[in-house]
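Residues per chain are reported as follows:
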Amino acid sequence: MQRRVVVVIFDGFQLLDLAGPSDVFATASLIVGSERGYRLDVAAVRAGGVPAGKGITTLAEVALHEVTGPVDTLVVVGGLSVPKRLGDRQLIGEIRRLAGAARRVSSVCNGAFLLAEAGLLDGRRATTHWLAAPELGTRYPDVDVDADPIYVRDGNVWTSAGVTAGIDLALALVAEDHGHDVAREVARGLVVYLHRPGGQSQFSTPMRSAPPRSEPLRELQAFIDANPAGDLSVPALARRAGMSDRHFSRVFTEQIGLPPGRYVERSRADAARRLLEDTGHPLDRVARESGLGAAETLYRVFRRHWRVAPGDYRRRFRSKQT
């Protein structure tokens with residue numbers, strides 16, 4: 001049976017939030033056949049041309065109030081104009097109404113704010129773009145905000161991180177409907193990652209820390225990231241920075257936002273991730289070259305920082321050229 005997907009857009013929406021998932025559903029329909037695939041309806045408060053945030057106008061084929069009948073999947077996109085849309089009672093009311101008729105509800109990027117404003121995330125775990133996550137938690141305290149994952153499923157409500165994570169979300173929805181083999185075929189056809197797991201972190205190590213103000217600490221940060229297997233103990237790093245251990249730990253934490261030991265572990269986890277992507281080294285060698293020592297430590301640290309086992313990560317992301 002064909003599945004109806006309704007995508008909600010509005011003035012100033014993020015174009016890729018619409019285009020990415022739409023191409024996933026369209027490609028899946030080519031693979032499984034139109035009768036088992038997806039029918040996509042793009043809807044807005046008013047039918048007609050809707051300008052995206054970058055000025056490209058997209059056609060909303062139907063007004064939201066005209067959408068009736070069963071909806072398989074509701075997708076609410078995001079965009080820089082979302083804060084202005086939170087006071088649009090008609091938009092929020094139609095999202096709430098359609099969610100009640102949908103088998104499952106989803107959002108891309110800060111579209112999660114629109115779901116939250118409609119009361120659809122109360123008591124649920126949800127994610128959004130990492131930059132917007134603190135505001136989501138502050139504005140909607142009944143939402144359990146997790147800024148780390150690419151996407152989160154809580155019951156029949158799915159939320160995703162920024163922009164391209166909407167593609168991962170759509171692939172996960174296709175996998176739920178038609179199995180992982182179909183989702184993999186869609187990913188291959190679109191030349192994207194083969195379905196990143198939802199629990200995978202949004203962040204690389206540099207993204208998860210603040211840039212230090214002082215040039216010596218910026219150089220030290222670069223040294224840590226470039227030498228994961230080196231001696232990166234606090235005494236060794238403090239000597240390199242020309243500080244006492246205690247003063248170094250205080251200044252490093254103040255400027256980077258993480259204690260030295262935590263930053264080093266994250267940097268080594270990031271190095272292990274790159275080795276898994278770019279080499280065929282056995283896990284014990286990956287552990288040694290990333291400074292983690294043993295395969296058991298690699299497994300524990302990788303699960304903590306990337307939320308997936310090293311072997312599973314390699315199977316999804318290893319370069320075809322290695």
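Here the structure is a predicted model, which is why all the values come from computation and not from measurement.

(A) Examining the overall build of the protein more closely. In terms of helices and strands, the protein carries 14 helices and 11 strands. Projecting the C-alpha coordinates of the protein onto the three principal axes gives extents of approximately 70 × 40 × 35 Å. Residues classed as buried in the protein amount to 52% of the 322 residues present. Within the protein, counting contacts between residues at least 6 apart in sequence, those at least 24 apart form 66% of the total. Of the accessible surface of the protein, which amounts to about 14,700 Å², a share of 52% is contributed by carbon and sulfur atoms. One way to put it: in the protein the 43 positive side-chain charges average out to a point 3 Å from where the 37 negative ones average out.

(B) Highlighting helix 11 (residues 260-278). Taking 1.5 Å of rise per residue, 19 residues should cover 27 Å, and helix 11 covers 27 Å from first to last C-alpha, within 8% of that figure. Counting buried residues along helix 11, 14 of its 19 residues qualify, which places the element largely inside the surrounding structure.

(C) Spotlight on the sheet that holds strand 2 (residues 38-44). In space, the seven strands of this open sheet follow the order 5-2-1-6-7-11-10, with mixed pairing throughout. The open sheet has two free edges, formed respectively by strand 5 (62-63) and strand 10 (151-154), since each of these has just one partner strand. As paired strands, strand 2 and strand 5 are joined by two bridges and run parallel to one another. Note on strand 5: the bridge partner recorded for alanine 44 is alanine 63. Each of strand 1 (3-8) and strand 2 is contacted by helix 1 (residues 15-32), which is oriented at about 155° to strand 2, the strand it contacts most.

(D) Highlighting the pattern of salt bridges. Under the criterion given, the structure shown has 24 salt bridges. Salt-bridge contacts for arginine 3 lead to aspartate 72; the nearest nitrogen and oxygen are separated by 3.6 Å. Placement of the pair is arginine 3 in strand 1 and aspartate 72 in strand 6 (residues 71-76), with a sequence separation of 69 residues. What makes aspartate 72 buried here is its relative accessible area of 10%.

(E) Region of the structure containing the UniProt feature "domain: HTH araC/xylS-type" (unreviewed entry) in the protein. With numbering matched to this structure, UniProt assigns "domain: HTH araC/xylS-type" (unreviewed entry) to residues 218-316. The span residues 218-316 carries 75% helix and 0% strand; its end-to-end C-alpha distance comes to 33 Å.

(F) Highlighting the packing of helix 11 against helix 13 (residues 295-306). At a minimum axis separation of 10 Å, helix 11 and helix 13 run at an interaxial angle of 100°. It follows from the interaxial angle that helix 11 and helix 13 lie roughly perpendicular. Only Leu298, Val301, Phe302, Arg304, His305 and Trp306 of helix 13 make contact with helix 11, whose side of the interface consists of Glu265, Arg266, Ala269, Asp270, Ala272, Arg273 and Leu276. Along the lines of polarity and charge, the residues of the contact of helix 11 with helix 13 split into seven nonpolar, one polar and five charged.

(G) Main features of helix 6 (residues 165-178). For helix 6, with 14 residues, the first-to-last C-alpha span of 20 Å sits near the 20 Å given by 1.5 Å per residue. Among the 14 residues in helix 6, 13 count as buried, and that is most of the element.

(H) Here's a closer look at the packing of aromatic side chains. Counted according to the given criterion, the structure contains six aromatic pairs. Judged by centre distance (6.2 Å) and plane angle (70°), the rings of phenylalanine 113 and tyrosine 140 are edge-to-face. Separated by 27 residues along the polypeptide, phenylalanine 113 in helix 4 (residues 112-117) and tyrosine 140 in the loop between helix 5 (133-139) and strand 9 (144-145) bring together distant segments of the chain. Note on accessibility: phenylalanine 113 and tyrosine 140 belong to one class, buried. Measuring from ring centre to ring centre gives 6.3 Å for tyrosine 151 and tryptophan 158, while their planes differ by 35°; the resulting arrangement is tilted.

(I) Quick look at the environment of alanine 226. Within the secondary structure, alanine 226 sits in helix 8 (residues 215-226). Classification of alanine 226 by relative accessible area gives exposed; the value is 57%.

(J) Region of the structure containing the environment of proline 282. Within the secondary structure, proline 282 is located in the loop between helix 11 and helix 12 (283-289). Classification of proline 282 by relative accessible area gives partly exposed; the value is 48%. Through-space distance from the C-alpha of proline 282 to that of alanine 295 is 9.1 Å; in sequence the pair is 13 residues apart.

(K) Quick peek at the pairing of strand 7 (residues 102-107). When you tally the buried positions in strand 7, you get five out of six residues, the bulk of the element. Where strand 6 lies against strand 7, five bridges are found, and the strand directions are parallel. Considered in strand 7, the bridge of leucine 74 is made with valine 105. When strand 7 meets strand 11 (residues 157-160), the two strands line up parallel, connected through three bridges. By the bridge assignment for strand 11, valine 105 is matched with valine 157.

How each quantity is defined
- Residues numbered from 1 in each chain as written.
- Predicted model: local features only at pLDDT ≥ 70, side-chain atom pairs only at ≥ 80, totals over all residues.
- Heavy atoms only, no water.
- Helix = DSSP H or I, 4+ residues; strand = E, 2+ residues; numbered from the N terminus.
- Buried < 20%, exposed > 50% of the residue type's maximum accessible area, 1.4 Å probe, protein only.
- Contact = heavy atoms within 4.5 Å.
- Areas by Shrake-Rupley, 256 points an atom, 1.4 Å probe, with all protein chains shown as cover.
- Lys, Arg positive; Asp, Glu negative; His and termini not counted.
- Charge placed at Lys NZ, Arg CZ, Asp CG, Glu CD.
- Expected span 1.5 Å × (residues − 1).
- Pairing = 2+ DSSP bridges.
- Axes fitted to C-alpha atoms, helices over the stretch in contact; angles between N-to-C directions.
- Salt bridge = Lys/Arg side-chain N within 4 Å of Asp/Glu carboxyl O.
- UniProt positions renumbered as here; feature names shortened; annotations may be inferred.
- Parallel < 35°, antiparallel > 145°, perpendicular 65-115°, else oblique.
- Nonpolar A, V, L, I, M, F, W, Y, C, P; charged D, E, K, R; others polar.
- Phe/Tyr/Trp six-rings, centres within 6.5 Å; stacked < 30°, edge-to-face > 60°.

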